[in-house]
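What follows is the residue order along each chain.
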Amino acid sequence: MNATRTIDGEILGKEIVADRLDDASLYDGVRTRRIFAFLIDYMIVALLLIPAGVIVLLLGLLTFGLGWTLFAILFPIVAILYVWTTLGGRRQATLGMRAMSIRLERLDGRPVDGMLAVVHSVFFWAANAVLTPLILLVSLFADRKRTLHDLLLGTAVIRDDR
């Protein structure tokens with residue numbers, strides 16, 4: 001089919017987009033599920049810091065203390081690797097998101113890749129540092145219960161169990 005693809009009035013390509021993201025049931029309880037998924041993911045990253053910290057400790061011993069400077073950036077490195085491999089993976093969801101039965105979808109229908117997943121998380125942390133939990137207020141007024149970083153990147157979090 002050579003019809004133009006539109007979402008929210010924007011022309012995106014040459015195929016017809018399925019209206020699957022317009023189903024309101026995909027967004028029931030998504031805001032609460034996102035919060036709990038974040039808490040689960042935060043705990044998982046904290047647990048992953050333990051073996052990563054041991055590796056950096058041993059590296060510091062081998063380099064006479066020089067490797068210990070990696071402790072300053074250990075959390076962001078572990079978190080970025082975690083997001084890249086899970087959210088940017090085949091299931092488009094972190095382990096916390098899978099536990100809460102939600103996943104990240106792009107509005108243009110393409111799969112989420114590792115780079116978009118990392119940028120999504122970096123935008124979340126940047127917005128959270130400036131606006132604290134107020135970033136969730138955007139989801140009260142935005143379509144598809146999207147947060148600020150979802151709006152900027154053209155993504156939406158939907159339920160995976162529907």
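Just above sits the structure.
Criteria and thresholds
Residues numbered from 1 in each chain as written. Predicted model: local features only at pLDDT ≥ 70, side-chain atom pairs only at ≥ 80, totals over all residues. Heavy atoms only, no water. Helix = DSSP H or I, 4+ residues; strand = E, 2+ residues; numbered from the N terminus. Buried < 20%, exposed > 50% of the residue type's maximum accessible area, 1.4 Å probe, protein only. Contact = heavy atoms within 4.5 Å. 1 Å grid on protein atoms, 1.4 Å probe; cavity = no way out; pocket = protein on both sides within 12 Å on 5 of 7 lines; lining within 4 Å. Points joined across faces, edges and corners; volume = space filled by probe spheres on them. Patch = residues over 30% accessible without salt bridge, like charges linked within 9 Å, V, L, I, M, F, W, Y side chains within 5 Å. Areas by Shrake-Rupley, 256 points an atom, 1.4 Å probe, with all protein chains shown as cover. Salt bridge = Lys/Arg side-chain N within 4 Å of Asp/Glu carboxyl O. Expected span 1.5 Å × (residues − 1). Axes fitted to C-alpha atoms, helices over the stretch in contact; angles between N-to-C directions. Parallel < 35°, antiparallel > 145°, perpendicular 65-115°, else oblique. Left-handed = near helix turned anticlockwise from the far one by under 90°. Nonpolar A, V, L, I, M, F, W, Y, C, P; charged D, E, K, R; others polar. Core = buried A, V, L, I, M, F, W, Y, C linked by side-chain atoms within 4.5 Å.

Caption draft 1: Examining the overall build of the protein chain more closely. Within the protein chain one finds six helices and four strands. Listed N to C, the secondary structure of the protein chain is β-β-α-α-α-β-α-α-α-β in terms of helices and strands. Across the 162 residues that make up the protein chain, the buried fraction comes to 36%. Nonlocal contacts in the protein chain, meaning residues at least 24 apart in sequence, comprise 60% of its contacts between residues at least 6 apart.

Caption draft 2: Focus on the layout of surface pockets. In this model, the largest pocket occupies a volume close to 700 Å³. Residue assignment for the lining of the largest pocket shows that the elements contributing at least two residues are α1 (30–62), α2 (74–86), α4 (114–131) and α5 (135–141). It is α1 that provides the largest number of residues to the lining of the largest pocket, a total of seven residues.

Caption draft 3: Broad picture of unusual backbone geometry. One non-glycine residue with positive phi stands out, namely serine 101, at about 60 degrees. Within the secondary structure, serine 101 is located in the loop between α3 (95–99) and β3 (102–106). Given the relative accessible area of 23%, serine 101 is considered partly exposed. In this model, lysine 145 sits at a positive phi of 55 degrees, which is unusual for a non-glycine residue.

Caption draft 4: Highlighting a nonpolar patch on the surface. On the surface, Leu47, Ile50, Val54, Leu57, Leu58, Leu61, Trp68 and Phe71 cluster together to form a nonpolar patch covering roughly 770 Å² of accessible area. Within the fold, leucine 58 resides in helix α1. The exposure class assigned to leucine 58 is partly exposed, which follows from its relative accessible area of 48%.

Caption draft 5: Region of the structure containing α4. Its 18 residues give α4 an end-to-end C-alpha distance of 25 Å, which sits within 8% of 26 Å, the value for a rise of 1.5 Å per residue. The set of residues buried in α4 consists of Gly114, Leu116, Ala117, Val118, His120, Ser121, Phe124 and Ala127. Buried residues belonging to α4 abut α1, α2, β3, α5, α6 (148–153) and β4 (155–159). Just downstream of α4, threonine 132 is the residue with a positive phi angle, here 50 degrees.

Caption draft 6: Fine view of the side chain of aspartate 150. Inspection of the secondary structure assignment puts aspartate 150 in helix α6. With residues up to four places along the chain from it excluded, the contact list for aspartate 150 reads Arg34, Leu104, His120, Thr155 and Val157.

Caption draft 7: Highlighting the packing of α2 against α4. Packing of α2 against α4 leaves a shortest axis separation of 8 Å and a crossing angle of 135 degrees. The orientation of α2 relative to α4 falls into the category oblique. Between α2 and α4 lies a crossing of right-handed hand. Contacts between α2 and α4 pair Ile80, Val83 and Trp84 from the former with Gly114, Met115, Ala117, Val118 and Ser121 from the latter. Grouping the amino acids of the contact of α2 with α4 by side-chain chemistry returns six nonpolar, two polar and no charged.

Caption draft 8: Structural context of the nonpolar core. Ranked by internal contacts, the top residues of the largest apolar core, which has 25 residues, are Tyr27, Leu87, Met97, Leu104 and Val157. Counting residues per element, the ones that place at least two in this core are α1, α2, β3, α4 and β4. Beyond its immediate sequence surroundings of up to four residues, tyrosine 27 is in contact with Leu21, Arg144, Lys145, Ala156, Val157 and Ile158.

Caption draft 9: Seen up close, the pattern of salt bridges. Inspection of every chain in the model, using the stated rule, returns eight salt bridges. Here arginine 144 makes a salt bridge to aspartate 143, at a shortest N to O gap of 3.6 Å.

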